[in-house]
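One letter stands for each residue in the lines below.
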Amino acid sequence: MYDDNPLRGAPEGVYSRRYFLQLAGGTSLAALFPASTFARGAQAALLDRAAVGGELDLFTWQGYDLTGPFKNWRKQHHITQKVKYINNQFDVAAILRGPGGKQYDSSSANQAYTHLFQSLGIMAPLSAKDVPSLTKMYPYFRDSPIWRWAPNSNKWNSVPWTWGAIGINYLSDKVPRPTSWDVLIDPKNRGRVGTFDDAYNNISIAAIARGIPLTKITAKALDGPIKDWLTKFLANVKTVSTNLGDQLTLLVNKEVDYMSVGLSLFTSQARAQGIKDVAFTVPREGGFGFCDAAFLTPWAPHRENALAFLEALLSGKTAAVAANNLIQGVTVPSVVPLLNRTARSIIPYDNVQHYVTKQLKFEVNYTPKKGQNIVSFDDINKLWQTLKTH
Amino acid sequence: MRISRRLAVVLVSPLSLLLIVGGLVPAGILFVYSFYDYSLFRISPAFHLTWYREILSNPVYRTVTWNTLAIALPTVLITVSGGYTIAYFLAFKARRSRTPVFALVVISMLASYLARIYAWRTLMGGNGIINSTLIAAGVIHKPIGWLIFSRVPVILAEINLYLPVATLILFASLSGIPPELEEAARDLGAGRVQALRRVIIPPSGTALLGASALCFFLSAGDYVTPAFLGGVASSQTLGTTISTAITTEGNYPLGSALSFGMVLVFVIYTVVLVVGLRTAHLLPRRAR
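A.B. asks: Explain the overall build of chain A to me, using residue names and the numbers behind them.
C.D. replies: Within chain A one finds 15 helices and nine strands. Here chain A holds 390 residues, and 58% of them are scored as buried. Excluding contacts between residues fewer than 6 apart, the proportion of contacts in chain A whose partners are at least 24 apart in sequence is 75%.

Written out as structure tokens, the structure reads:
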């Protein structure tokens, strides 16, 4: 069961210095009346959570730092934020496990990487006590093993907070809406396509374009139809972007007509730069879903601030502000009524369960267990590197 | 002024220590890593030559090396010859214009590296200044494709980045050559080219070698310019491949082995350069 009251739980789980002082004041007052339940509650809260305030160090995607949209939230909670942007998903493990990685409180994981990152020791388990709104998510996000610390565990490895479909961005003033992924391999579009330097996304797109389930990509499929599609695709690609900002720049400067690994986010960000012709579509073969989860590092130097940030991403007005800004989905139903019309229109919120389990290709598997005849991250990285070079 | 041996040791020690700690120690660690095992973000101690074998046997790395040379060699050739021309002008010909030209060379180094690369995009892009101007003037009907996202803009941007470096190195050497030497050679019957080749270049041969080697190292190791201005295949250089191996895949053993492969390329390049310059009598027998 999830909480469907839209007005409940706005800034839950967030404790500012002011709140701390109020509690401290209340506690002092209550000390005069030790029998009062207020004193017990306040003291318990005080013991449970330290005060929020001070620094917050994020290693996340450009846009997910919400530097602008969360300005008031940070001010309210006296948080100063530092952020370094992720270039691609493998960056997260490389940077957090590398020198200097211990400075980060929180980072981001796509659904394909949560268990990999957990096994690499860069995630800390989270309970509903840490992030109360975890229990208020749509059942799919709340219960899926993707984000659970272990099967049937009451802990999560991360906080799935934003999601949507990967599709194609295109310049609506120059080209018609692409209805199939195969538009990207049409020889007449040579030099008119952009993409993102990421094996996982590009190989998943090729699999979808060729009708191969993302949970069952075999070595034969990888070396056959997927490789074939990607070879034709890369022949059309003008340049490979190394980060999201560069993808957006290419669209805004109209250097490419189509951008693969497209996001609805680019449409809103292009509009913010005065360019209204950057459109987004999901081809008829389907897109594949992405759900990005924020996670806490085991060594988080500012743990309480990070937990407050994770709760703010999930719940109440802050979550709505984030989703309105990114034009991506929310995972807590009570946030939906707080969304603006555009953000609400991109996801069929009246039937999320059906959408994420039947329509969107959401489940992926590049971390095969022993004996499974499917490809791994190593395999897809090798293929992508080889194809890019030739 | 002569300084005592003890004082010299004291003065040199901090920087030597910095070089050892900041240069040799990490290089040593990388060298050890190059023999380690790797499996998706997990590296474990081992001793085998798997990664070196991989580099030698996988055609991807031959293509990557070729891409690197195809960018670095023209960059060095144009940068060093251009830098020599400017340095020669500054050392022997410029009078009143020396200060403003020198200032221009230095100022061009001050702009942010990334800003300069993005400026090249603005200039050379499909809708950039050059293409737009040519289209507006009716010279071309559609944008010239190779002006952006190919080897050409990478080479041009790197020339722009390294020309001031080469110029300053060469100027430091040429400014130490008395101008009377060239005049004396001309008085003795040497032509302009002969005087340059036999009187001016040999004493500056060491600087020529240094500038050529440094620009090659910088160009071959650059992983930002090819990524932002190169096309799909042309952006895959040794620099970008090492960056991908280490920062994207966390494959320190492969990245380390590639780094030492690149060092080998540098050594071969430097040896060829020294032999070439000596054969042409442009470098003293013993570099000073």
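A.B. asks: Outline the pairing of strand 9 (residues 288-296) of chain A, listing residues and values.
C.D. replies: In summary, the side chains of a regular strand alternate between the two faces of the sheet. All names here are of chain A. Counting buried positions along strand 9 gives nine out of nine residues, so the element sits mostly inside the fold. With burial as the criterion, each face of strand 9 is covered, one bearing F288, F290, D292, A294 and L296 and the other bearing G289, C291, A293 and F295. When strand 3 (residues 106-110) meets strand 9, the two strands line up antiparallel, connected through five bridges. Looking at the pairing, S106 lines up with L296 of strand 9. As paired strands, strand 4 (residues 159-171) and strand 9 are joined by seven bridges and run antiparallel to one another. When the bridges of strand 9 are listed, T162 appears paired with D292.

A.B. asks: Explain helix 7 (residues 199-209) of chain A to me, and be specific about the residues and the numbers.
C.D. replies: Residue and element names in this part refer to chain A. For helix 7, the tally of buried residues reaches 11 of 11 residues, placing the bulk of the element in the interior. Among all positions of helix 7, only A199, Y200, N201, N202, I203, S204, I205, A206, A207, I208 and A209 are buried. Here helix 7 starts with a cap whose side-chain oxygen sits 3.1 Å from the backbone nitrogen of Y200, and that cap is D198. Among the residues trailing helix 7, G211 stands out with phi positive, at a value near 70°.

A.B. asks: Provide a residue-level description of the environment of A312 of chain A, including the pertinent values.
C.D. replies: Residue and element names in this part refer to chain A. Along the chain, A312 turns up in helix 11 (residues 303-314). Judged by relative accessible area, A312 falls into the buried class, the value being 2%. Spatially, the C-alpha atoms of A312 and W161 are 9.7 Å apart, while their sequence positions differ by 151 residues. Among residues more than four places away in sequence, those in contact with A312 are F70, W73, T318 and A319.

A.B. asks: Summarise the nonpolar core; cite the residues concerned and give the values.
C.D. replies: In terms of nonpolar packing, the biggest core is built from 192 residues, with F117 and F141 of chain A touching the most fellow members. The element contributing the most residues to this core is helix 3 (residues 59-93) of chain B, with 13 residues. Contact partners of F141 of chain A, with chain neighbours within four places excluded, come to W147, P160, W163, C291, T331, V352, V356 and F362 of chain A.

A.B. asks: Mind laying out the packing of helix 11 of chain A against helix 12 (residues 316-326) of chain A, listing which residues take part and the relevant values?
C.D. replies: For any two helices packed against each other, one specifies the crossing angle of their axes together with the interaxial distance. Residues and elements named next belong to chain A. Put simply, helix 11 and helix 12 touch, their axes get as near as 5 Å, and they point 70° apart. Considering the angle they form, helix 11 stands roughly perpendicular to helix 12. Listed contacts from helix 12 to A312, L313 and L314 of helix 11 are G316, T318 and A319. Considering only residue class, the contact of helix 11 with helix 12 consists of four nonpolar, two polar and no charged.

A.B. asks: Can you lay out helix 10 (residues 205-221) of chain B for me, pointing to particular residues and giving the numbers?
C.D. replies: Residue and element names in this part refer to chain B. The first and last C-alpha atoms of helix 10 sit 24 Å apart over 17 residues, in line with the 24 Å expected at 1.5 Å per residue. All of the buried residues in helix 10 are G205, A207, L208, L209, A211, S212, A213, C215, F216, S219 and A220. Against the buried residues of helix 10 lie helix 3, helix 7 (151-174), helix 12 (238-248) and helix 13 (252-279).

A.B. asks: Explain the pattern of salt bridges to me, and be specific about the residues and the numbers.
C.D. replies: Residue and element names in this part refer to chain A. The tally for this structure, following the rule as stated, stands at 16 salt bridges over all chains. Put simply, D186 and K188 hold a salt bridge, and the shortest N to O gap is 3.6 Å. For R192, the salt bridge identified is with D257, shortest N-O distance 2.7 Å. Taken together, the positions of R192 in the loop between strand 4 and strand 5 (193-196) and D257 in the loop between helix 9 (244-252) and strand 7 (258-262) put the pair 65 residues apart, joining distant regions of the chain. Judged by its relative accessible area of 27%, R192 falls in the partly exposed class. Note on D257: relative accessible area 7%, which makes it buried. When salt bridges that share partners are traced, they join D182, R210, D228 and K232 into one network.

Cut-offs applied
Residues numbered from 1 in each chain as written. Chains lettered and ligands numbered in written order. Predicted model: local features only at pLDDT ≥ 70, side-chain atom pairs only at ≥ 80, totals over all residues. Heavy atoms only, no water. Helix = DSSP H or I, 4+ residues; strand = E, 2+ residues; numbered from the N terminus. Buried < 20%, exposed > 50% of the residue type's maximum accessible area, 1.4 Å probe, protein only. Contact = heavy atoms within 4.5 Å. Pairing = 2+ DSSP bridges. Polar contact = N/O pair within 3.5 Å; in protein donor to acceptor, adjacent residues only side chain to side chain. Core = buried A, V, L, I, M, F, W, Y, C linked by side-chain atoms within 4.5 Å. Axes fitted to C-alpha atoms, helices over the stretch in contact; angles between N-to-C directions. Parallel < 35°, antiparallel > 145°, perpendicular 65-115°, else oblique. Nonpolar A, V, L, I, M, F, W, Y, C, P; charged D, E, K, R; others polar. Expected span 1.5 Å × (residues − 1). Salt bridge = Lys/Arg side-chain N within 4 Å of Asp/Glu carboxyl O.

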